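# Notes for the structure review
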Amino acid sequence: MPHRRRLGPMNSTPRRVENLHTDKGKVPVYATGVVEQPWDDYRPADHGVWRQLYERQRALLVGRACDEFLQAQDAMGMTPDRIPKFADINRVLERATGWTLIGVEGLLPELDFFDHLARRRFPVTWWIRRPDQVDYIEEPDLFHDLFGHVPLLMNPLFADYMQAYGRGGLKAHAIGPEALQQLTRLYWYTVEFGLIRQHDGLRIYGSGIVSSKGESLYCLDSPAPNRIGFDLERIMRTRYRIDTYQKTYFVIDSFAQLMDATGPDFTPIYARLAAQPAIAAGAVLPGDRVLQRGSGEGWAADGDV
Ligand SMILES: [Fe+2]
């Protein structure tokens, strides 16, 4: 792809093409093309944000994130020193699992996103949040994508799971909005907010958690949320939170379990689930394998999506 030159004040401005009003609020829509990471344009402040977030999260995640995640970050050569170059990561990642990172301007439309995943290409937002956004940013930036999502692509099982998700997304898109909504819930409760039971206790693998200081603590330490054993169809019916920490975390026993559960064709599952009501984000059902029932403390009464 041609390198898009950024000059003057455009240096750190991603190209937004429009804003959409959706059920998730105002969602920016970015130019969808693949862009070369403008690494030379990062300023000291950008590298400083990376360093600050990296050091803070790594210190927090030892003993909280799953072993595979922490080991993969090291194996990829991610360090706090500076924002990694996608090309450097790709040399290691491509050899390990055949995945490559591609630079993008920001959140992609679903179909583009699925198509990249199906081809083992992971889109990474090239820009990083501002120093005043260190604790919270509404949309995915480089730190969320690269620090949070990319390490587990080094794991062969998880790498396959992500590709299967992309292929599944293309299919669900063709089936209809309900199928897509069910699949999105699976992504949310695994890729973004998943917990895993490791030999020595509960650990985090979800990218939305590992890139958030507050939720890295909350998901394991707080008595408020439910922690429930992974159940594919249960998850695909469960609404979730985009504005607060999760009310429920679903716990896998292994990445192999994820792969096995998502191996079969989802088409009959979508049809079956279409007839069943959605489940509230904080609900606990009689059939649930409850690892910990949440106290519900501090939960907002409504606002599940
Ligand atoms: Fe994400």
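Residues numbered from 1 in each chain as written. Predicted model: local features only at pLDDT ≥ 70, side-chain atom pairs only at ≥ 80, totals over all residues.

### Considerations on the overall build of the protein
Helix and strand content of the protein: 12 helices and 9 strands. Relative to the globule expectation of 19 Å for 305 residues, the C-alpha radius of gyration of the protein, 19 Å, shows essentially globular dimensions. Taking the principal axes of its C-alpha atoms as reference, the protein extends roughly 60 × 40 × 40 Å. In the protein, which comprises 305 residues, the proportion classed as buried is 37%. In the protein, the proportion of contacts linking residues at least 24 apart, taken out of those at least 6 apart, comes to 66%. (Helix = DSSP H or I, 4+ residues; strand = E, 2+ residues; numbered from the N terminus. Rg over C-alpha atoms; globule rule 2.2 N^0.38 Å. Buried ≥ 20, exposed ≤ 12 C-beta atoms within 10 Å, placed from the backbone. Contact = placed C-beta atoms within 7 Å.)

### Let's talk about the sheet that holds strand β6 (residues 201-204)
The strand order β6-β5-β8-β7-β9 describes an open sheet built from 5 strands, whose pairing is mixed. Two strands in the sheet have a free side with no partner beyond their single neighbour: β6 and β9 (290-292). Strand-to-strand twist across the sheet, computed as the mean angle between neighbouring axes with direction ignored, equals 35°. Note: strand β5 (residues 195-198) against strand β8 (residues 248-252), 2 bridges, orientation parallel. If you follow I196 over to β8, its bridge partner there is I252. (Pairing = 2+ DSSP bridges. Axes fitted to C-alpha atoms, helices over the stretch in contact; angles between N-to-C directions.)

### With respect to the packing of helix α6 (residues 156-175) against helix α7 (residues 177-192)
It is the contact of α6 with α7, at a shortest axis distance of 8 Å, that shows an interaxial angle of 155°. Accordingly, the angle class assigned to the pair α6 and α7 is roughly antiparallel. Of the residues in α7, those in contact with Y165, G168, G169, A172, H173 and I175 of α6 are A179, L180, L183 and Y187. Looking at the contact of α6 with α7 residue by residue, the classes come out as 7 nonpolar, 3 polar and no charged. (Parallel < 35°, antiparallel > 145°, perpendicular 65-115°, else oblique. Nonpolar A, V, L, I, M, F, W, Y, C, P; charged D, E, K, R; others polar.)

### Remarks on the pairing of strand β4 (residues 121-125)
Both faces of the sheet carry side chains from a regular strand, because those side chains alternate between them. Within β4, 4 of the 5 residues are buried, leaving the element largely enclosed by the surrounding structure. Here strand β3 (residues 100-104) pairs with β4 via 5 bridges, running parallel. Within β4, the residue paired with T100 across the bridge is R121. Tracing the backbone out of β3, into helix α4 (residues 110-118) and back to the parallel element β4 gives a crossover that is right-handed. (Right-handed = clockwise from strand over helix to strand, strands pointing away.)

### Some remarks on the confidence of the model for the protein
When pLDDT is averaged along the protein, the result is 91, and 91% of the positions lie at 70 or above. The low-confidence segment residues 1-11, where pLDDT is below 50, has 10 contacts with residues more than four positions distant or belonging to other chains. (pLDDT = per-residue confidence, 0-100.)

### Thoughts on the environment of F255
Inspection of the secondary structure puts F255 in helix α11 (residues 255-261). When the 22 C-beta atoms within 10 Å are taken as the criterion, F255 is described as buried. Apart from residues lying up to four places away in sequence, F255 is in contact with N155, L157, F158 and Y161.

### Examining the environment of S254
With respect to the helices, strands and loops of the structure, S254 is situated in the loop between β8 and α11. With 51 residues separating them along the chain, S254 and R203 place their C-alpha atoms 11 Å apart.

### Structural notes on unusual backbone geometry
Phi is mostly negative for residues that are not glycine, and the peptide bonds are mostly trans. You will see that R120, though not glycine, has its phi angle at about 55°, which is positive. With respect to the helices and strands, the residue R120 is situated in the loop between α4 and β4.

### Concerning helix α1 (residues 44-61)
With 18 residues, α1 should reach 26 Å at 1.5 Å per residue; the first-to-last C-alpha distance of 25 Å fits that figure. Every buried residue of α1 is listed here: D46, V49, W50, L53, Y54, Q57 and L61. Burial along α1 is one-sided: seen end-on, the buried residues are contained in an arc of 120°. Across from the buried face of α1, at angles greater than 90 degrees, the exposed residues are P44, A45, E55 and A59. (Expected span 1.5 Å × (residues − 1). Arc of directions from axis to C-beta.)

### Regarding the environment of V290
Mapped onto the elements of the fold, V290 is located in strand β9. With 13 C-beta atoms counted inside 10 Å, the residue V290 sits in the partly exposed group. Leaving out residues up to four positions away in the same chain, V290 has contacts with N226, I228 and V284.

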